[in-house]
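# Structural overview for review
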Amino acid sequence: MSDAYPPQSSFATGLRCACPRCGRGKLYDGILTVAGRCSACGLDFGRFNADDGAAFFIIVGYSALIIPLAVWFEFAVAPPIWLHMVIWGPVIVIGAIVLMRIVKAWLVAQQYRHGVTDDDSTR
C-alpha cells in the first residue's frame, strides 16, 4: 500500500464500488467489468483477481435467503407458476448483480489491503 493515500475501509470501498487506494475512483467500467486503472489515482486494477470468489459467496449466501422465501411464498399464497417467475426472476437477477458488484469490490479491496496480487497466485 502506498503511504501517499490514507487507508480506506475495505467494507466502505466495497459498498461504494470505489478504488481501494484513494476511495474516489470507480472500480467498474460496466456492470461487472473491473476497470483497467483508477480514474482518480491510477492504481492498476489488473493485478487483482476476484473473478470467481464473489460468485461462490453469492451462490451460497443469496440462495440460502431466496429459496426459503420462495418456498414460504408458495405455501402461504399458492400462486400460479407464472407469478413465481415474474417475482423471483427479477429478484434473483437484480439482487445477484448488486451483490456481485459489492462482494467483488470488497474482495479487490481486501487484496489491495493485504498486498495480494495476481502474480502471487501463480507461485
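Since the model is a prediction, treat every value here as computed from it, not as a measurement.

Across soluble globular proteins, nonpolar side chains have a tendency to be buried as a group. Formed by 25 residues in total, the largest nonpolar core has its most connected members in Cys19, Leu27, Cys38, Cys41, Leu43 and Phe45. Elements represented by at least two residues in this core include exactly helix H2 (53-77) and helix H3 (81-113). In this structure Cys19 touches Thr13, Gly25, Cys38, Cys41, Leu43 and Phe45, once residues within four positions along its chain are discounted.

Turning next to the packing of H2 against H3. At a minimum axis separation of 9 Å, H2 and H3 run at an interaxial angle of 150°. Here H2 is positioned roughly antiparallel relative to H3, judged by the angle of their axes. Crossing angle aside, the handedness with which H2 passes H3 is right-handed. Taken together, the residues of the contact of H2 with H3 break down into 19 nonpolar, 3 polar and 2 charged.

Once that is clear, we can look at H2. With 25 residues, H2 extends 36 Å between its outermost C-alpha atoms, agreeing within 8% with the 36 Å of an ideal straight helix rising 1.5 Å per residue. Taken as a whole, H2 has its buried residues at Ala54, Ile58, Tyr62, Ile66, Ala70 and Phe73. On the buried face of H2, the contacting elements are H3. Trailing H2 by a residue or two, Ala78 shows a phi angle of about 55°, which is positive.

We now examine H3. Two residues of an α-helix separated by three or four positions point the same way, owing to the 3.6 residues in each turn. The terminal C-alpha atoms of H3 lie 46 Å apart, and with 33 residues this matches the ideal 48 Å at 1.5 Å per residue to within 8%. Trp88 marks the point of greatest bend in H3, at about 25°, and the proline Pro90 comes within the next four residues. Residues of H3 that are buried: His84, Trp88, Gly95, Met100, Val103, Lys104, Ala105, Leu107, Val108, Ala109, Gln111 and Tyr112. Next to the buried residues of H3 lie helix H1 (10-16) and H2. Directly beyond the C-terminal end of H3, a positive phi value near 70° is found at Gly115.

Bringing the packing of aromatic side chains into the picture now. Aromatic rings in a pair are described by how distant their centres are and how their planes are angled relative to each other. Counted according to the given criterion, the structure contains 3 aromatic pairs. Taking 6.2 Å as the distance between ring centres and 80° as the angle between the ring planes, the aromatic pair formed by Phe48 and Tyr112 counts as edge-to-face. On the criterion of sequence distance, the pair formed by Phe48 in the loop between H1 and H2 and Tyr112 in helix H3 is long-range, its members being 64 residues apart. Exposure class is identical for Phe48 and Tyr112. Each is buried.

Calculation rules
Residues numbered from 1 in each chain as written. Predicted model: local features only at pLDDT ≥ 70, side-chain atom pairs only at ≥ 80, totals over all residues. Heavy atoms only, no water. Core = buried A, V, L, I, M, F, W, Y, C linked by side-chain atoms within 4.5 Å. Buried < 20%, exposed > 50% of the residue type's maximum accessible area, 1.4 Å probe, protein only. Helix = DSSP H or I, 4+ residues; strand = E, 2+ residues; numbered from the N terminus. Contact = heavy atoms within 4.5 Å. Axes fitted to C-alpha atoms, helices over the stretch in contact; angles between N-to-C directions. Parallel < 35°, antiparallel > 145°, perpendicular 65-115°, else oblique. Left-handed = near helix turned anticlockwise from the far one by under 90°. Nonpolar A, V, L, I, M, F, W, Y, C, P; charged D, E, K, R; others polar. Expected span 1.5 Å × (residues − 1). Bend = angle between axes of the 7 residues up to and from the residue. Phe/Tyr/Trp six-rings, centres within 6.5 Å; stacked < 30°, edge-to-face > 60°.

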